[in-house]
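Overview (structure and organization)
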Number of protein chains: 2
Amino acid sequence: MDRIEKQIISALSAGDVSIWKIIDFQDASLPEFFEKLKELKKKGLIEIKNGVVRLTEEGKRAAGEFKIRDYKCKTCDGTGYEIVKEVEKKYKEILENRPKPVEKYDQGYISIEAALRKLAFMIERGDVYGSIFIAGDDDLFSIALALTHLPEKIVAVDIDERLINFINEAAEKYGLNIEAYIQDLQKENEALIKKFDVFVTDPVETIPGIKLFLSRGVASLKGIGCSGYFGLTTLEASRKKWYEIQKMIHDMGFVITDIRRQFQVYPDDGSNFFQYQEKLPIVKKLNIKSDYNWYKSALYRIEAVKQPEPLVKGDVELGEAVYKDDESWATPI
Amino acid sequence: MDRIEKQIISALSAGDVSIWKIIDFQDASLPEFFEKLKELKKKGLIEIKNGVVRLTEEGKRAAGEFKIRDYKCKTCDGTGYEIVKEVEKKYKEILENRPKPVEKYDQGYISIEAALRKLAFMIERGDVYGSIFIAGDDDLFSIALALTHLPEKIVAVDIDERLINFINEAAEKYGLNIEAYIQDLQKENEALIKKFDVFVTDPVETIPGIKLFLSRGVASLKGIGCSGYFGLTTLEASRKKWYEIQKMIHDMGFVITDIRRQFQVYPDDGSNFFQYQEKLPIVKKLNIKSDYNWYKSALYRIEAVKQPEPLVKGDVELGEAVYKDDESWATPI
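Residues numbered from 1 in each chain as written. Chains lettered and ligands numbered in written order. Predicted model: local features only at pLDDT ≥ 70, side-chain atom pairs only at ≥ 80, totals over all residues. Heavy atoms only, no water.

Regarding the interface of chain A and chain B
Heads up, the condition is: Contact definition: two residues touch when any of their heavy atoms are within 4.5 Å. Accessible surface is computed with a 1.4 Å probe, and the buried area is the amount of it that two parts give up when combined, taken over both parts together. Counted as salt bridges are all cases of a side-chain nitrogen of Lys or Arg within 4 Å of a carboxyl oxygen of Asp or Glu. Side-chain atoms alone can form a polar contact between residues adjacent in sequence; in general such a contact is a pair of N or O atoms within 3.5 Å, and within protein one must be able to donate a hydrogen while the other accepts it. Going along the chain from the N terminus, every DSSP run of H or I of four or more residues is numbered as a helix, and every run of E of two or more is numbered as a strand.
On the chain B side, the residues contacting the 58 residues of chain A number 58 residues. With both chains or domains summed, chain A and chain B bury close to 5400 Å², and 53% of this area falls on carbon and sulfur atoms. A salt bridge links Lys72 of chain B to Glu124 of chain A, with the nearest nitrogen and oxygen atoms 2.9 Å apart. At the junction of chain A with chain B, the criterion picks out 32 residue pairs in polar contact (both at pLDDT 80 or more). Elements that contribute at least two residues to the side of chain A that touches chain B include exactly helix 1 (3-11), helix 5 (85-95), helix 6 (112-124), helix 10 (239-251), strand 9 (254-265) and strand 10 (296-304) of chain A.

Structure follows, in structure tokens:
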């Protein structure tokens, strides 16, 4: 058994678990996970019935005596951080009628708790005092930031007009210091270069997509000491992809200061991207609807130790390649 | 004000804080922190009296309205993980008469809670089932691992005979599956090459020291998919040093899967390296004894995506350069 197989077996050592919960308790990408599951079944170590995975007698012997629990802290869901309670009520109120994610732009939003934990983490880092650039804001994170009244300036851009209108209307109504603009990140915008202290983005998880999103973030920063935040899953980005991304980060002049696994949860609340889950490859492959918030991403923080140098400059046209590759099994087809 | 100055100011926004606690609430290395503190004082934003830092009236204006709290989860001390309670009692019992750290080898141990959280994290990753190599074990982490009876094999090495004797005696007395050997990591040992699935180490924080420790860990691994754990502070390793280290990791064929800040606490329990704190440069500079567990390190996890390739091979002789550089302000002189 390799490490991932052991990890799956150990997650079952204390009892049967839904297949979607197992996804959340292992580190492989979705295509790799699917293969491992098939292999464990073939080896006679697990059985799968109605979306529930259980150890066979042989599987139990392989798992051993020690019963593995879920060791994540229950108070903070394993994130290590509290939410910024001070802005929670207002944030929820404003987001009540948020635009629903659309397939076209591969949208999906993190939970309100995740946004308010990211906010806590950024405050702790001293990353909320200057000018902040949000590259793509289906999370509506700009609104959480603005509610603290700490940043000097917040600029949010998105390709989706609905989101920009929503943010600008909220800013107007609640007196929030945000400027929001429609912007296709494939186009370079002079007005967004070397103007910011911090960028925040949640890139699509293909190599061309990540390179583009991170480059626009990096290009927006003023210089050494500036920082950036982004999310990255293990589900749609294998360790090999992570390796390539880390090389990009280094080459752009940045050190990685934090990688906090499963910090950002995408809740299946009836409105999120799970609305079209029958179109997600992983749902088709497993042939069973999800019953657990299995889609999470790690939060990266990076900091410029050299003059930030984006890998992509000028206008580009990437088309479908921005959204899809062999690993994008949670992206609709 | 730069980011670190803002971070210090914000940590004071809710009231006066001990200088040692402030160290823990900011991200700069000790020499940088010391400079920032001087600068803030010069600018008239803070006052320092008897080791307590407070904002001046001008400092309060600079901090603004929003009162910054400590957002770390109180249940898990910001780590996101529970301890492995199942082995806690026995682990504490065994460690009761642990050897005290000695200056000569720059020793210092993490808390029992930190060790048992690291263990939880490793179990969750599926990293405790094969053979595990501990390169330097003043933390006595091999004993925590062995108490789960999950690893097939644990080999711990250290330059300090006292530790090796202690581990071997505990293994004998409690029936633990650990082999411990005296080993100076400056010497290459054929028997420790390509034999392990996982390595764990806590390197000294100079570039030559880290390169050496990580290389010995990397050399011990069997191949792709194997993983390594190590601690790294921000206190004695600036962001520039982190940047260099991350390049090393990449070049050795590894992806960084996790960087969990302040995961490992070095408790000031009367026996740890704080016993000789009057010899630590930071204590001399601040000229006040510590009153807070300010020495913490981030937990790195790395995973081989290529054949592991150590940067240091063969025997080397580094001398003092292993232990000390311009940033080692928490290392006795």
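With respect to the packing of helix 9 (residues 207-219) of chain A against helix 10 of chain A
Residues and elements named next belong to chain A. Quick reminder of the rule: In this description, a line fitted to the C-alpha atoms serves as the axis of each element, helices being fitted only across the stretch in contact, and the angle between N-to-C directions of two axes falls anywhere from 0 to 180 degrees. When describing relative orientation, an angle under 35 degrees is termed roughly parallel and one over 145 degrees roughly antiparallel, while 65 to 115 degrees is termed roughly perpendicular and anything else oblique. When the near helix sits turned anticlockwise from the far one by under a right angle, the crossing is termed left-handed; a clockwise turn instead gives a right-handed crossing. Here the term charged refers only to Asp, Glu, Lys and Arg, the term nonpolar to Ala, Val, Leu, Ile, Met, Phe, Trp, Tyr, Cys and Pro, and the term polar to all other amino acids, Gly among them.
Closest axis-to-axis distance for the helix 9/helix 10 pair is 11 Å, and the angle between their directions is 25°. Looking at the two axes, helix 9 sits roughly parallel to helix 10. Judged by the twist between their axes, the crossing of helix 9 over helix 10 is right-handed. Of the residues in helix 10, those in contact with Ile207, Ile210, Lys211 and Leu214 of helix 9 are Lys241, Glu244, Ile245, Met248 and Ile249. Taken together, the residues of the contact of helix 9 with helix 10 sort by class into six nonpolar, no polar and three charged.

Thoughts on the relation of the copies chain A and chain B
Between the two copies of this chain, the relationship is a rotation about some axis together with a displacement along it. Convention followed: For the least-squares superposition of copies, only C-alpha atoms count, and only for residues with pLDDT at least 70 in both.
Of the two same-sequence chains, chain A is brought onto chain B (RMSD 0.0 Å, axial shift 0.0 Å) by a rotation of 180°. The transformation relating the two chain copies, once decomposed into turn and shift, fits a two-fold axis. Judged by C-alpha distance, Gly80 of chain A is the residue of chain A that lies nearest the rotation axis, at 2.0 Å. Most of the interface of chain A is mirrored in chain B, where 100% of its interface residues are also at the interface.

Observations regarding helix 3 (residues 30-42) of chain A
All names here are of chain A. The following threshold applies: Between the first and last residue of a helix there are one fewer steps than residues, each counted as 1.5 Å, and that sum is the expected span. Partly exposed describes any residue whose relative accessible area lies between the buried limit of under 20% and the exposed limit of over 50%, with all areas from a 1.4 Å probe on protein chains only and scaled to the type maximum.
Helix length check: helix 3 (13 residues) gives 18 Å between terminal C-alpha atoms against 18 Å at 1.5 Å per residue, within 8%. If you check which residues of helix 3 are buried, you get Leu30, Pro31, Phe33, Phe34, Lys36, Leu37 and Leu40. Elements that come into contact with the buried residues of helix 3 comprise helix 1, helix 2 (19-24), strand 2 (46-49) and helix 11 (281-286). Gly44 occupies a position one or two residues after helix 3 and carries a positive phi of about 75°.

Let's talk about the packing of helix 1 of chain A against helix 3 of chain A
Residues and elements named next belong to chain A. Two numbers describe how helix 1 lies on helix 3: the axes approach to 10 Å, and their chain directions differ by 70°. In this view, helix 1 runs roughly perpendicular relative to helix 3, as classed from their interaxial angle. Of the residues in helix 3, those in contact with Ile4, Glu5, Ile8 and Ile9 of helix 1 are Phe33, Lys36, Glu39 and Leu40. Here the contact of helix 1 with helix 3 is composed, by residue class, of five nonpolar, no polar and three charged.

Regarding the sheet that holds strand 1 (residues 17-18) of chain B
Residue and element names in this part refer to chain B. Spelled out, the test is: A pair of strands is labelled paired if DSSP reports no fewer than 2 bridges between them.
Taking strand neighbours across the sheet as the criterion, the three strands line up as 1-3-2 in an open arrangement whose pairing is antiparallel. Edge strands, defined here as strands with exactly one partner in the open sheet, are strand 1 and strand 2 (46-49). Bridge count for strand 1 against strand 3 (residues 52-55) is two bridges, and the pairing is antiparallel. Note on strand 3: the bridge partner recorded for Ser18 is Val52.

A word on the domain arrangement of chain A
Residues and elements named next belong to chain A. Where we set the bar: Annotation comment: domain bounds sourced from an automatic or database domain assignment.
The domains assigned to chain A are domain 1 (3-63) and domain 2 (85-322). The distance between the C-alpha centroids of domain 1 and domain 2 comes to 32 Å. Across the boundary between the two partners, domain 1 contributes 18 residues, which contact 17 residues of domain 2. Regarding the contact of domain 1 and domain 2, the summed buried area is about 1600 Å², with carbon and sulfur atoms giving 66% of it. When the area that domain 1 buries against domain 2 is broken down by residue, the three leading residues are Trp20, Asp24 and Leu30, summing to 47%. We note a salt bridge from Lys296 to Asp24, for which the minimum N-O separation is 2.8 Å. On inspection of domain 1 and its partner domain 2, the count reaches eight residue pairs in polar contact (both at pLDDT 80 or more). Mapped by element, the contributors of at least two residues to the side of domain 1 that touches domain 2 are helix 2 and helix 3. For the side of domain 1 that touches domain 2, the class distribution of residues is nine nonpolar, five polar and four charged.

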